[in-house]
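# Architecture at a glance
Each chain is listed here by its residues.
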Amino acid sequence: MLSLFFFTWILAFPACAQTKKLKIAIGDDLAPWIHNDGQSGILIDMVKDCLKPTNYKLEFISFPYARRLTAYKMNEVDAVIDINSIVIASESLNGFFTGNIYAYENFAFSLSENNFLVKSIPDLERYSLLSWQGAIDRLGSEYEKMAKANPKYLETSRQNNQVRMLFKKRVDFIQLDYQIYNYYKAELIQENEIDAKLDVSSFALFGKSSNGLLFKNETLKDICKSQLEKPMMKRKYKDVSP
């Protein structure tokens, strides 16, 4: 019996030894893009799909947003997610970029019953607006000017509260990513916190923020891009395409 155990162990060991691990730096939870401590979400699924043909065991490591880049530079990880060519250049990052394979898109949302009409970012200055924390520093000078001139402009770290405040009619507008809005709207409806019958209008004033992955290995970058070019993958991720 003992010899059988060692024989089985010897047979199994080479397979275990050949298992390769790929460490990928991700940011903090941002449902539905990344949540459950990086165990699920749109971006987690996308990376798993694009690297499926490889033999790597993927390990997603969560860092504070800026710390991801330090981890990549210090070779603590093999790839970093949520990156674009501007950041790569400004941070002097070396590696192989997939190009833009997905995009965030922020909208201004208001209750349709109010019949608000906004055609540009400065138009929001007249209304109460609840945005996500840090938006004033990250959405450009036109947005910053509007926010600073608006006495009814606020930011919050709780994006589910943005949706709640809109449906409770506490603010005229909220501003956040479309996928995040849909995620928290569905969650709050399920919890009977908001009225699902209320119609909401959306205004695409901010454009898309496109991103991808940066790898230290060129072959993995090529595999990832090739996989996401397949028709099945394009259909799966069409709602977040750049």
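Residues numbered from 1 in each chain as written. Predicted model: local features only at pLDDT ≥ 70, side-chain atom pairs only at ≥ 80, totals over all residues. Heavy atoms only, no water.

### A word on the overall build of the chain
Operational definition: Under the scheme used here, helices are H or I runs from DSSP no shorter than 4 residues and strands are E runs no shorter than 2 residues, and both carry numbers assigned from the N terminus. Partly exposed residues are those whose accessible area sits between 20% and 50% of the maximum for their type, while under 20% is buried and over 50% is exposed, using a 1.4 Å probe and protein chains only. Note on areas: these come from Shrake-Rupley sampling with a 1.4 Å probe, and a residue is covered only by the protein chains present in the view.
Assigned secondary structure in the chain consists of 10 helices and 10 strands. For the chain, the spread of C-alpha atoms along the three principal axes comes to 80 × 45 × 35 Å. Here the chain, with 242 residues, has 44% of them falling under the buried criterion. By element, 51% of the accessible surface of the chain is carried by carbon and sulfur atoms, the whole surface being about 13600 Å².

### Some thoughts on the pairing of strand 8 (residues 173-177)
As a reminder, the rule being used: DSSP-based pairing: two strands are paired if at least 2 bridges between them are found.
Of all 5 residues in strand 8, 5 are buried; the element is thus mostly enclosed. Pairing of strand 5 (residues 102-111) with strand 8, which is carried by 4 bridges, proceeds in the antiparallel orientation. Of the residues in strand 8, the one forming a bridge with F109 is I174. In the sheet, strand 6 (residues 129-132) pairs with strand 8 via 3 bridges, with the strands oriented parallel. Residue pairing across strands places L130 opposite I174, the latter belonging to strand 8.

### Observations concerning helix 9 (residues 218-228)
This is how it is decided: The directions considered for the arc are those from the helix axis to the C-beta atoms. Here a polar contact means two N or O atoms within 3.5 Å. Within protein one must be a hydrogen donor candidate and the other an acceptor candidate, and residues neighboring in sequence count only if both atoms are side-chain atoms.
Those residues of helix 9 that sit buried are L220, K221, C224, Q227 and L228. Each buried residue of helix 9 lies within a common arc of 135 degrees when the element is viewed along its axis, so the set occupies one face. The opening residue of helix 9, the one whose side-chain oxygen lies 2.8 Å from the backbone nitrogen of T219, is N217.

### Quick word on the pattern of salt bridges
Stated precisely, the cut-off is as follows: Salt bridges are identified by distance alone: a Lys or Arg side-chain nitrogen within 4 Å of an Asp or Glu carboxyl oxygen.
Following the criterion strictly, the structure yields 11 salt bridges and no others. When the shortest N-O distance is used, the salt bridge between E91 and K73 registers 3.1 Å. Of the two residues, E91 is situated in the loop between helix 4 (85-90) and strand 4 (96-97) and K73 in helix 3 (residues 67-73); the sequence distance between them amounts to 18 residues. Close ionic contact of K148 with E144 constitutes a salt bridge, the shortest N to O distance being 2.8 Å. Within this pair, K148 and its partner E144 are both found in helix 6 (residues 141-149), separated by 4 residues, close to a single helical turn.

### Here's the deal with the state of the cysteines
Selection rule: The criterion for a disulfide is a pair of cysteine sulfur atoms lying within 2.5 Å.
In the structure shown here, the tally under the stated rule is 1 disulfide. Across the disulfide, C50 is cross-linked to C224 (sulfur-sulfur distance 2.3 Å). Handedness of the C50-C224 disulfide follows from its S-S torsion of about -90 degrees: it is left-handed. Of this pair, C50 sits in helix 2 (residues 42-50) while C224 sits in helix 9, and the two are 174 residues apart along the sequence. Overall, C50 belongs to the buried group, its relative accessible area being 1%. Residue classification places C224 among the buried positions, given a relative accessible area of 0%.

### Regarding the environment of S92
Along the chain, the position of S92 falls in the loop between helix 4 and strand 4. With 19 residues separating them in the primary sequence, S92 and K73 have C-alpha atoms 9.3 Å apart.

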